[in-house]
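One-letter residues, chain by chain:
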Amino acid sequence: MTRRIGWWLLGVSVALSLLSMAIPALIDHPLTTERGEIRVYFDVFSEGNLPTWWSTALLALTAVSHAIAGALATRFRLAWFTSAAVLAALSLDDHTSLHERLERVGQAWVTFERFPGYWLVPGIFAGLAVAVAFGVLAVKLTGLTRWCMIGGVAFLLGSALGMELVQGLLVAEGESGPLYVLVLHAEELGENLGVLLMLTAAIRSLDITRTPDGLSVVTRA
């Protein structure tokens, strides 16, 4: 059952990215082009819309799963709870665009000629802190569960920072066409995939069984 749910979550993430690209490309209408309401509602580049809600929900769900794993764990409880707290903070950041507010901090530190991504400068340090928090948990896990956690961190941070860097470089070169659009959507999908891998790590650390009366019982593996 959990595997089926995981595939559904991945499918919705992919579908939202495809909708974001397809709506303005295939439907020529004031509501689906430029800043039309339908396009903005499905556009992964915009904030406060359906893709933002979905990403925030995935982060919150994964935060809860890590907290449950920590509550049921006999070892490494602090590592699970720390990971859950970081995921909750990332969910808040996604919902309120806190990282975008680092622009002024970056501008106070460095000056670029055309590169727009000033938030990436302080964001690198925040990313390192996040990587350490997740890495502490990853090294304590074993087998496929560890690799799910490592892969999740790589996808999440690689997309959030790496793809954002590529976008900034493309903007600096005046590129706003299909390549930029693909990179933008690859970032969003990569972040969601990373979160789903970390959700998988938490689920794999648990034994989920079903009693004769149909009730599910969750115990620490």
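Residues numbered from 1 in each chain as written. Predicted model: local features only at pLDDT ≥ 70, side-chain atom pairs only at ≥ 80, totals over all residues. Heavy atoms only, no water.

Caption draft 1: Summary view of the layout of surface pockets. As a volume, the largest pocket reaches approximately 910 Å³. Of all the secondary-structure elements, those providing two or more residues to the lining of the largest pocket are helix H3 (50-72), helix H4 (77-96), helix H6 (120-140), helix H7 (143-172) and helix H8 (178-204). The greatest single-element share of the lining of the largest pocket, amounting to 8 residues, is contributed by H7. Here the lining of the largest pocket is built from residues that sort into 20 nonpolar, 10 polar and 9 charged. (1 Å grid on protein atoms, 1.4 Å probe; cavity = no way out; pocket = protein on both sides within 12 Å on 5 of 7 lines; lining within 4 Å. Points joined across faces, edges and corners; volume = space filled by probe spheres on them. Helix = DSSP H or I, 4+ residues; strand = E, 2+ residues; numbered from the N terminus. Nonpolar A, V, L, I, M, F, W, Y, C, P; charged D, E, K, R; others polar.)

Caption draft 2: Broad picture of the packing of helix H1 (residues 2-26) against H8. Running from amino to carboxyl end, H1 crosses H8 at an angle of 170°, the nearest separation of the two axes being 10 Å. Between H1 and H8, the angle falls in the class roughly antiparallel. Across the interface between the two elements, Thr2, Leu9, Leu10, Ser13, Val14, Ser17, Ser20 and Met21 of H1 pack against Val181, Leu182, His185, Leu189, Asn192, Leu193, Leu196, Leu199 and Ile203 of H8. Of the residues assigned to the contact of H1 with H8, the class counts are 11 nonpolar, 6 polar and no charged. (Axes fitted to C-alpha atoms, helices over the stretch in contact; angles between N-to-C directions. Parallel < 35°, antiparallel > 145°, perpendicular 65-115°, else oblique. Contact = heavy atoms within 4.5 Å.)

Caption draft 3: Highlighting the pattern of salt bridges. Inspection of every chain in the model, using the stated rule, returns 1 salt bridge. A salt bridge links glutamate 173 to arginine 114; its shortest N-O distance comes to 4.0 Å. One end of the pair, glutamate 173, is in the loop between H7 and H8; the other, arginine 114, is in the loop between helix H5 (103-109) and H6, with 59 residues separating them in the sequence. Of the two residues examined, glutamate 173 and arginine 114, each falls in the exposed class. (Salt bridge = Lys/Arg side-chain N within 4 Å of Asp/Glu carboxyl O. Buried < 20%, exposed > 50% of the residue type's maximum accessible area, 1.4 Å probe, protein only.)

Caption draft 4: Up close: H4. Helix length check: H4, at 20 residues, gives a terminal C-alpha distance of 29 Å against a target of 28 Å (1.5 Å per residue), a fit within 8%. Every buried residue of H4 is accounted for by Ala79, Trp80, Ser83, Ala84, Val86, Leu87, Ser91, Asp93 and Asp94. At the C-terminal side of H4, serine 97 shows a positive phi close to 55°. (Expected span 1.5 Å × (residues − 1).)

Caption draft 5: Looking closely at unusual backbone geometry. Even without glycine at this site, glutamate 34 takes up a positive phi of about 50°. Although it is not a glycine, serine 97 adopts a positive phi angle of roughly 55°. Looking at the secondary structure, you find serine 97 in the loop between H4 and H5. Serine 97 sits in the buried class, given a relative accessible area of 14%.

Caption draft 6: Structural detail: the side chain of serine 20. Within the secondary structure, serine 20 is located in helix H1. On the basis of relative accessibility, which here comes to 5%, the residue serine 20 falls in the buried class. Only 2.7 Å separates the side chain of serine 20 from the side chain of histidine 185, close enough to count as a polar contact. Excluding its chain neighbours within four sequence positions, the residues that come into contact with serine 20 are Phe42, Asp43, Val44 and His185. (Polar contact = N/O pair within 3.5 Å; in protein donor to acceptor, adjacent residues only side chain to side chain.)

Geometric descriptors of this kind do not, in isolation, establish any biological role.
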